[in-house]
Amino acid sequence: MRHSLARVIQAHGLATLEASSGAEALAMLESQGEVPLVISDIYMPEMDGVTFLREALRLYPDTAFVMLTGVAEVATAVECLKLGALDYISKPVLVEEVRARVDKALEKRDLVLQNRFYQQHLESRVRELDRRNKQSLINGVQTLVHALEAKDAYTSGHSTRVSRYAVKTAVQLGYTGERLEFLRLGGELHDIGKIGTREDILNKPGPLTPDEFEHIKGHAVLGERILAPALAESPTVLRIVRSHHERMDGCGFPDGLVGAQIPAEARIVAVVDAFDAMTTNRAYRPSRTPADAVDELRRCMKTHFDPEVVDAFQRAFNDVSALPISL
Ligand SMILES: [Fe+2]
């Protein structure tokens, strides 16, 4: 019967191998490698069909199994289907039926393999797109920062330094992964609203009039508005940009938030922004030494700055003489 079945399948255009028992079939698979389709009887010497199926599927999960079954073995055939066989053929075997079941089993196997390939391919494609999206966002951020720096020479390098200070400080506070990434972006972008600030005010060497100060204060809200379409999915970054001039005592701008109402990331950027502003030359005053700047941060703890953030900043940069960091 096995020989005649093999001839039917060969006549159908497929190459065949024959084994007289489950053990022989396993040995054959081991030497020949995986095959697309196995037709196996349920009752066989040495190793019965169910045991063979279980073992072979464990080793070759992508092979399609079709079981041969007698009239009295329907329950066993169903058990085989549960174990992973794709189909069964009842004896007596009809030539037409064998061809149809073989074709169907191979088709099913192809579908499973194609589906898996598609899924794996899709996952890596999605990952690649995600990576590219992030990269183009970062490129966009750089473009904006360069635009601001072209307008305001004194902020050149400021955004990048603030970003690096903020990340190192946040690490001390236990930030990891995506939260650090938001802080890095927020640090780069915190002053982006100054693109809309008048240059004569931005570069004014003397003290500002109240009206001019009001105009400058607008950069926090304007920055958030400029970035909102691009960063709709990163609200943390938008909050940093909006709230980096808030003060712990509620005397900051634009919203006059108090203490813990100020987003934690904005409290970090507020500290490192102030430090960098103090330690670099500005249009309206010369720079202070880093040690003086740290003293000033400590003096303004509670009124301006979150004490925990100031402590974390000092832990992150305990060698003050190495500051400001060079880019
Ligand atoms: Fe600012």
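Report follows, based on the coordinates. (Residues numbered from 1 in each chain as written. Predicted model: local features only at pLDDT ≥ 70, side-chain atom pairs only at ≥ 80, totals over all residues. Heavy atoms only, no water.)

## Looking at the pairing of strand 3 (residues 87-90)
The condition that has to hold: When accessible area is computed with a 1.4 Å probe and restricted to protein chains, residues below 20% of their type maximum are described as buried, those above 50% as exposed, and intermediate ones as partly exposed. Numbering of helices and strands runs from the N terminus; a helix is a DSSP stretch of H or I covering at least four residues, while a strand is a stretch of E covering at least two. Two strands form a pair only when DSSP identifies at least two bridges running between them. Note on handedness: a crossover is taken as right-handed if, strands pointing away from the viewer, the path from the first strand over the helix to the second is clockwise.
Burial along strand 3 is one-sided: Asp87 and Ile89 are buried, and none of Tyr88 and Ser90, which face the opposite way, are. Of the pairings in the sheet, the one linking strand 2 (residues 64-69) to strand 3 comprises four bridges and is parallel in character. Paired with Thr69 across the strands is Ser90, a residue of strand 3. In this fold, strand 2 hands off to helix 4 (residues 74-83), which returns the chain to strand 3; that crossover is right-handed.

## Focus: the coordination of the iron ion
Keep this limit in mind: Ligating atoms shown are N, O and S within 2.8 Å of the metal, or 3.2 Å for Na, K and Ca, and water is not included, meaning a site may look less than complete. Irregular is the default label, applied whenever a site is not tetrahedral (four donors, all angles between 85 and 135 degrees) and neither square planar nor octahedral (four or six donors, opposite donors over 155 degrees apart, all other angles between 65 and 115).
Coordination of the iron ion by the protein comes from Asp191 (OD), His219 (NE2), His244 (NE2) and His245 (NE2), over a distance range of 2.0 to 2.3 Å. With four donor atoms in place around the iron ion and angles of 85 to 173 degrees between them, the coordination shape is irregular. A relative accessible area of 2% means that His219 is categorised as buried.

## Re helix 13 (residues 307-316)
Test applied: In this description, the arc belongs to the directions extending from the helix axis to the C-beta atoms. Here, residues are in contact when the closest pair of their heavy atoms is within 4.5 Å. Side-chain atoms alone can form a polar contact between residues adjacent in sequence; in general such a contact is a pair of N or O atoms within 3.5 Å, and within protein one must be able to donate a hydrogen while the other accepts it.
For helix 13, every residue scored as buried is listed here: Val309, Val310, Ala312, Phe313 and Ala316. Angularly, the buried residues of helix 13 cover 160 degrees about the axis, an arc narrow enough to put them on a single face. Check the buried side of helix 13 and you find it contacts helix 6 (158-172), helix 11 (264-279) and helix 12 (290-299). Backbone nitrogen of Glu308 and a side-chain oxygen of the N-cap are separated by 3.0 Å at the start of helix 13; the cap is Asp306.

## Thoughts on the layout of surface pockets
So the rule is basically this: Both cavities and pockets are sets of points on a 1 Å grid over the protein atoms alone; in a cavity a 1.4 Å probe fits but cannot get out, in a pocket the set is open with protein on both sides within 12 Å along at least five of seven lines, and lining residues sit with an atom within 4 Å of a point. Grid points are joined across faces, edges and corners, and a volume is the space filled by probe spheres set on the points. Amino acids are sorted into nonpolar (Ala, Val, Leu, Ile, Met, Phe, Trp, Tyr, Cys and Pro), charged (Asp, Glu, Lys and Arg) and polar (every other residue, Gly among them).
Of the volumes computed, that of the second largest pocket is approximately 790 Å³. Taken together, 27 residues form the lining of the second largest pocket, with Leu17, Glu18, Leu37, Val38 and Ile39 sitting closest to its centre. Going through the elements one at a time, helix 1 (2-11), helix 2 (22-32) and strand 1 (37-41) are the ones with two or more residues in the lining of the second largest pocket. Counting residues per element, the lining of the second largest pocket draws most heavily on strand 1, at five residues. By residue class, the composition of the lining of the second largest pocket is 20 nonpolar, four polar and three charged.

## Describing the pattern of salt bridges
Pairing is possible between side chains of opposite charge, provided their charged atoms come close. Let me state the cut-off plainly: Counted as salt bridges are all cases of a side-chain nitrogen of Lys or Arg within 4 Å of a carboxyl oxygen of Asp or Glu.
Considering all chains together, one arrives at 26 salt bridges under this definition. For Asp200, the salt bridge is made with Arg198, and the minimal N-O distance between the two is 3.1 Å. With a closest N to O distance of 3.0 Å, Arg298 and Asp311 form a salt bridge. Of this pair, Arg298 sits in helix 12 while Asp311 sits in helix 13, placing them 13 residues apart in sequence. Taking relative accessible area as the criterion, Arg298 reaches 33% and is therefore assigned partly exposed. It is possible to trace a salt-bridge network through shared partners that takes in Asp87, Glu97, Arg101 and Lys104.

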